[in-house]
Amino acid sequence: MKKKYSNEIIFNYISGNDLDRYSIDELEDDPKFMIDVMRVTHDKRMYNLCSSSVKLNSAFVAAIIEIFKDDIDFVTKIVNPYFENSDVEVIEKIKISIMLERLFNNEIQFDTEKYRLKNLSFYFFTMQNIAKFYKTEDKDIVENCTPFQLVEVLFPEQKILKDYIAQQMIDEIFFERLDCSFSGLLHISFKSSEELEKYGERTFLLDYLRKIDPILSDYISCSPELLSDIVKSMKYIKKNWNIYNDYLNEEKIEKVLDAAEEYLNERKLSFLASIEDIVREAIEPLGLQELFAEYIKGLKDIDCENIDINDEPFELLDEYESADFSDDIYKECMKEEKSSLGYLGFVKYIREYAKKIFFPEKTHNIGDKTELDSDYGKDSSNEQYKKIIKYDFKNRHPIK
C-alpha cells in the first residue's frame, strides 16, 4: 500500500523546511504521520507536538509504547491520560492494557498487576456473556457453536483481543480445569519423553484442544506463538521426566503401604509374615515387585543410618520367637497362615488397591461439560466445555 506521506515530507517536517501543500496543523493531527515522525526521530519531545486527538488515538498510543518500551517513565506518561479520558472506547483501552501487560510482564517498576486484573475482568465478562448465550439460546444452535466461535463473532477484526482470550482459554484448559497436573496429563498420555517428542508438543496440544473447541484449535494453529509459554513448560517436563516418574511411583507405593497398614489396624489382624513381604506377594502378578523392592530397601537403608550404636537392641516380642520354635513348625504355621481367609483377603485387597493406584482407567477427562455455567470465570470449579476428553493410549490420540 502506498504511503500517505513521502519520506521527503517527513524529513521536511523534522527539519522545519517548506511542507509544500500540507499545513503543520494538518500533519500534527494525523496519527499515521506522527507515528512515522517518532519512528524516524525517536525523539520523545515530538509527542508534545501531537494534537489532543492524536494522543488519544489507540493506534498511535500502541505504536509509541512499542517504540519507547525501554523507557517506562515515558510510557507511563502517555498511557495515564489515555486511560483516564472518557472519550476513549473501553474496548480500545483493553487492547492497550493487554499490550502493556505483555510488554512489561517482568518489569518490577511497571504496575503490570493493575493491567493484568483489568484484562482478566474483561475476559471473565466475555465468558459470562458466552455462558448466558448457552443458557438462553435454542438447543440446536448451542450444540453447533463452540465458545471460541462466539469469540470470533464478538470480536471479528480484533486480533489482540482474540489472542488474549485464546491464551486465557489455553491456560484454563491445561492448568486449571484438569483433574490432574499438566505434567500428570503428559505422563498419562505418553510413556516417555522421547514418545512425546516424536508425537510433537504442538501437535499434542492442538489435538487435545481440538476435541474441546475445534475453532480455538484452528485459530491457534494459525497463531502458533500463543503456545510458546506452554511449550516451554513442556520442555522442562521432558527434561525432568524420570524425576517425576520416581516421585510419582514413591507416592503410589506409600499409598499402598499406608492402605495395608490401615487395613490390618481396622480389622485387628496380625501375621507371621511382615507387611512388606505380604505386599510384595500381592503385587507380584502386577509386575511391580522391583519398584517396591527398591523403595523398601531405601527405607531400610535410611533406618540403618539413623540407628545409634549406643541404643539397646530391640527385643523381639513375637510369641513365636523362641528357641523351641523350629523351622519346620514355622514353615507349617506360615503355610496355614497363607491359606487362611484373613490372609487371602488381605492379599486380594492389596492387589486390587495397587492395581487401581498404578493402573487407573486409561481415560483422561476435564469433567462433565454439559453446559457453560453463568458464573464461568469467577470460580475455577465451574465447567466450561461440553465434551469429555478421552484418549487412545495405544495410538496416542484423542478418541472421537
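Predicted, not measured: the structure shown is a model, and the values here were computed from it.

(A) Main features of helix H18 (residues 275-283). Every buried residue of H18 is listed here: Ile278, Val279, Ala282 and Ile283. Around the axis of H18, the buried residues are gathered within 125 degrees of arc, so they sit on the same side.

(B) Layout of the environment of Ala166. Within the element layout of this structure, Ala166 appears in helix H11 (residues 159-176). C-alpha separation for the pair Ala166 and Tyr123, spaced 43 residues apart in sequence, amounts to 9.9 Å. Those residues in contact with Ala166 that lie beyond four places of it in its chain are Phe148, Leu216, Tyr219 and Leu226.

(C) Examining helix H14 (residues 201-212) more closely. Along its 12 residues, H14 runs 17 Å from first to last C-alpha, staying within 8% of the 16 Å computed at 1.5 Å per residue. For H14, every residue scored as buried is listed here: Glu201, Phe204, Leu205, Leu206, Asp207, Tyr208, Leu209, Lys211 and Ile212.

(D) Layout of the packing of aromatic side chains. Summed over the entire model, instances satisfying the criterion amount to 23 aromatic pairs. Ring centres 6.5 Å apart and planes at 75 degrees place the aromatic pair Tyr199 and Phe204 in the edge-to-face group. The buried category is assigned to Phe204, whose relative accessible area is 0%. Grouping aromatic residues by their ring pairs yields a cluster made of Phe174, Phe175, Phe182, Phe190, Tyr199, Phe204 and Tyr208. Taking the ring centre of Phe83 as reference, the NZ or CZ of Lys118 above it sits at 5.4 Å. The ring of Tyr263 is capped by Arg267, whose NZ or CZ atom sits 3.8 Å from the centre of that ring.

Analysis parameters
- Residues numbered from 1 in each chain as written.
- Predicted model: local features only at pLDDT ≥ 70, side-chain atom pairs only at ≥ 80, totals over all residues.
- Heavy atoms only, no water.
- Buried < 20%, exposed > 50% of the residue type's maximum accessible area, 1.4 Å probe, protein only.
- Helix = DSSP H or I, 4+ residues; strand = E, 2+ residues; numbered from the N terminus.
- Arc of directions from axis to C-beta.
- Contact = heavy atoms within 4.5 Å.
- Expected span 1.5 Å × (residues − 1).
- Phe/Tyr/Trp six-rings, centres within 6.5 Å; stacked < 30°, edge-to-face > 60°.
- Lys NZ or Arg CZ within 6 Å of the ring centre and 35° of its normal.

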